[in-house]
Amino acid sequence: MPNKPITTGPDRRGYYGPYGGMYVPETLMAPLLELTDQYGQARRDPAFRRALNGYLRDFVGRPTPLYFAERMTRELGCAGVYLKREDLCHTGAHKINNSLGQALLAQRMGKHRVIAETGAGQHGVATATVAAMFGMECVIYMGAVDMERQALNVFRMRSLGAQVVPVTAGQQTLKEAISEAMRDWVTNVRTTHYILGSALGAHPYPRIVRDFQSVIGREARRQIKRQAGRLPTALVACVGGGSNSIGLFYPFIRDAQVQMIGVEAGGRGIRKGQHAARFAGGKVGILQGTKTFLLQDRHGQIELTHSVSAGLDYAAIGPEHSWLRDLGRVEYAHVTDREAVEAFDALGRWEGILPALETAHAFAWCVQQADRWQRDDVLVLNCSGRGDKDVQQVAAWKQEHTR
Ligand SMILES: *Cc1c(COP(=O)(O)O)cnc(C)c1O
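Computed from a predicted model, the values in this text were never measured in an experiment. Sequence order as written defines the numbering, with residues in each chain counted from 1. Per-residue local features of the predicted model are confined to residues with pLDDT of at least 70, and side-chain atom pairs are confined, for both listing and counting, to 80 or more; whole-chain, interface and lining totals are unaffected and use all residues. Hydrogens and waters are ignored; side-chain quantities use all the structure's heavy atoms.

**With respect to the overall build of the protein chain**
Here is the rule: A run of H or I in DSSP becomes a helix once it reaches four residues, and a run of E becomes a strand once it reaches two; helices and strands are each numbered from the N terminus. C-alpha atoms define the radius of gyration, and 2.2 Å times the number of residues to the power 0.38 defines the globule rule. Exposure is judged per residue with a 1.4 Å probe applied to protein chains only, and the accessible area is read against the type maximum: over 50% gives exposed, under 20% gives buried, and values in between give partly exposed.
On a plain count of helices and strands, the protein chain comes out with 16 helices and 14 strands. Against the globule reference of 22 Å for 403 residues, the protein chain gives a C-alpha radius of gyration of 20 Å, in line with a compact fold. Counting only C-alpha atoms, the protein chain reaches 55 × 55 × 45 Å along its principal axes. Taken across its 403 residues, the protein chain has 61% of its residues classed as buried.

**With respect to the layout of surface pockets**
Here is the rule: Cavity and pocket criteria rest on a 1 Å grid covering protein atoms alone: a 1.4 Å probe that fits but cannot get out defines a cavity, protein on both sides within 12 Å along at least 5 of 7 lines defines an open pocket, and an atom within 4 Å of a point defines a lining residue. Grid points are joined across faces, edges and corners, and a volume is the space filled by probe spheres set on the points. Under this grouping Gly is polar, as are all residues other than the nonpolar Ala, Val, Leu, Ile, Met, Phe, Trp, Tyr, Cys and Pro and the charged Asp, Glu, Lys and Arg.
There is about 420 Å³ of room inside the largest pocket. In terms of lining, the largest pocket is formed by 17 residues, of which the most central are Tyr39, Arg43, Asp211, Phe212 and Arg218. Looking at which element gives the most residues to the lining of the largest pocket, the answer is helix α2 (residues 46-60), with five residues. For the lining of the largest pocket, a count of residues per class yields eight nonpolar, three polar and six charged. In this model, the second largest pocket occupies a volume close to 330 Å³. Residue lining of the second largest pocket: 19 residues in total, with Arg268, His306, Val308, Asp337 and Trp397 positioned closest to the centre. When residues of the lining of the second largest pocket are traced back to their parent elements, those giving at least two are α14 (337-351) and α16 (391-401). Tallying contributions element by element places α16 first for the lining of the second largest pocket, with five residues. Residues belonging to the lining of the second largest pocket are distributed by class as follows: four nonpolar, nine polar and six charged.

**Focus on the packing of helix α1 (residues 26-43) against helix α9 (residues 205-213)**
For the record, the criterion: Convention adopted: a line fitted to C-alpha atoms gives each axis, helices being fitted over their contacting stretch, and angles between N-to-C directions are expressed from 0 to 180 degrees. For classification purposes, angles smaller than 35 degrees are called roughly parallel, those larger than 145 roughly antiparallel, those between 65 and 115 roughly perpendicular, and all remaining angles oblique. Note: crossing handedness is left-handed where the near helix turns anticlockwise from the far helix by less than a right angle, and right-handed where it turns clockwise. Contacts: residue pairs with any heavy atoms within 4.5 Å of one another.
Two elements in contact, α1 and α9, have axes whose closest approach is 10 Å; the angle formed by their N-to-C orientations is 25°. Classed by the angle they form, the pair α1 and α9 counts as roughly parallel. Here α1 and α9 pass one another in a crossing that is left-handed. Counted together, Leu32, Leu35, Tyr39 and Arg43 of α1 and Tyr205, Arg207, Ile208, Asp211 and Phe212 of α9 form the full contact between these two elements. Among the residues making up the contact of α1 with α9, the classes are represented as six nonpolar, no polar and three charged.

**Focus: the pattern of salt bridges**
Under the convention used in this document: For salt bridges, the criterion is a side-chain nitrogen of Lys or Arg within 4 Å of an Asp or Glu carboxyl oxygen.
Under the defined criterion, the tally for this structure stands at 24 salt bridges. Of the charged contacts in the structure, one is a salt bridge between Asp211 and Arg210, with a shortest N-O distance of 3.4 Å. Comparing Asp211 with Arg210 shows no difference in burial state: the two are buried. Ionic pairing is found between Glu331 and Arg372, a salt bridge with its closest N-O pair at 3.0 Å. Taken together, the positions of Glu331 in strand β13 (residues 331-336) and Arg372 in the loop between α15 (357-368) and β14 (378-383) put the pair 41 residues apart, joining distant regions of the chain. Residue Arg372 is classed as partly exposed on the basis of its relative accessible area of 28%. Linked by salt bridges that have partners in common, Arg62, Lys84, Glu86 and Glu219 make up one network.

**As for the sheet that holds strand β4 (residues 80-85)**
The following threshold applies: Between any two strands, at least two bridges found by DSSP are needed for them to pair.
On the basis of which strands lie adjacent, the open sheet formed by six strands has the order β3-β4-β14-β9-β10-β13 and mixed pairing. The strands lining the two open edges of the sheet, one partner per strand, are β3 (66-68) and β13. Pairs of neighbouring strands in the sheet enclose a mean axial angle of 25°, with direction left out of account. Sheet analysis places strand β9 (residues 234-238) next to strand β10 (residues 259-267), joined by five bridges and oriented parallel. Among the inter-strand pairings, Ala234 is bridged to a residue of β10, identified as Gln259. Taken strand by strand, α14 contacts β3, β10 and β13, and its axis lies near 90° from that of β13. Packed on one face of the sheet, α15 meets β4, β9, β10, β13 and β14 and runs near 140° to β9.

**Some details on the state of the cysteines**
As a reminder of what qualifies: Note on disulfides: each one is a pair of cysteine sulfur atoms within 2.5 Å.
Within the structure shown, the criterion is met by zero disulfides. Not part of a disulfide, Cys89 finds its nearest cysteine sulfur in Cys383, a span of 10 Å. The thiol sulfur of Cys138 is not disulfide-bonded, and the nearest other cysteine sulfur, from Cys89, lies at 19 Å. Accessibility expressed as a relative area gives 6% for Cys138, which makes it buried.

**Here's the deal with the environment of Ile246**
Structurally, Ile246 is set in helix α11 (residues 243-249). Along the sequence, Ile246 and Ala30 sit 216 residues apart, while their C-alpha atoms lie 27 Å from each other. Setting aside anything within four residues of it in sequence, one finds Ile246 in contact with Ala199, Arg210, Pro251, Glu320, His321 and Leu324.

**Comments concerning unusual backbone geometry**
Here the amide bond leading from Gly9 into Pro10 is cis, since omega sits at 5°, within 30 degrees of zero. Here Pro10 is to be found in the segment before β1 (15-16). Even without glycine at this site, Thr91 takes up a positive phi of about 75°. Secondary-structure assignment places Thr91 in the loop between β4 and α4 (95-108). Positive phi is not limited to glycine here, since Gln172 has a value of about 60°. Within the element layout of this structure, Gln172 appears in the loop between β7 (163-167) and α8 (174-188). For Gln172, a relative accessible area of 24% gives the class partly exposed.

Rendered as structure tokens:
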């Protein structure tokens, strides 16, 4: 492959090739433009970067280790499998890298109230955590169905002083929670910043989230060069909205020899309503501010999605991923619920690490592709989060599927 630098965007209007943009009602344009402007200033401000790096180190616990997984390496028969340990971040997943950055941005913009949506609750917990740390008012919107499924995270958010608002519209899950958060933002924009949790939504969010999560890939690039003495053959990460994956991939995007694989949720198989693999069953459309690949019917109605992992269970994928797929720079794959649950067990037994069910999708794919790996291949897997939150889900899944 020629080492031709590729440009992923966004361009000035917020597009990644034909994807992305700002598909919002007029009332949201002014706040989004203000955010674009303020973020542009913040990212060039050394004082902002110093403050961010200080909290990343002392509060989040960065840099996270790049761990050589010896037994998994033997199982896959390659030169090395390295796990980027985002599960060791404070609150147990990569989400806090972004929540922290955006909370600092809110402070800088003079906004003392933050709001967020959450699906599984991980982004809500990360946001409630940084809001408590900075002394900000915090409201989290969460689908009523998700609140029931993720009662532990609801309790954590409330203990951190956040108000958790149940959303009872539609499917009562993540998509409705995002709509509700956007409504709150329009109404209270003078005092409030909306901390969106993945590389999704209208410009400038996909870019802001990518930038704050890119600390993962910057560290991993330095670490793998030191520890393996070379760049990896491949990077592998799970893809919900696409934030942990773009965070790992982006700093390697010009290293043409490094393969990148994003793993979506294949659920119960690629049949309507049974999965969340946007590139397997989706088409280009517009959802919640952005143009990207979506699961929708022929009338443009959003289809139901399913995944055993709540964090991958969303009908749209971040717009930059749609562009990276068109460019052929990133390969996208999917694995089923069953394969993810098996990988959850395997990683526990091989490495003493219980991964989040989202993360388990990336592991499952690596195991499934064991034949693809050669003796001198080096893999970096993003261990996006820890599995404590999912033990009940795994137990329930096993009970339902064994008799
Ligand atoms: C939220 C979450 C994901 C999926 O979101 P992305 O934005 O695609 O990263 C993956 N892993 C964990 C542990 C999560 O909490």
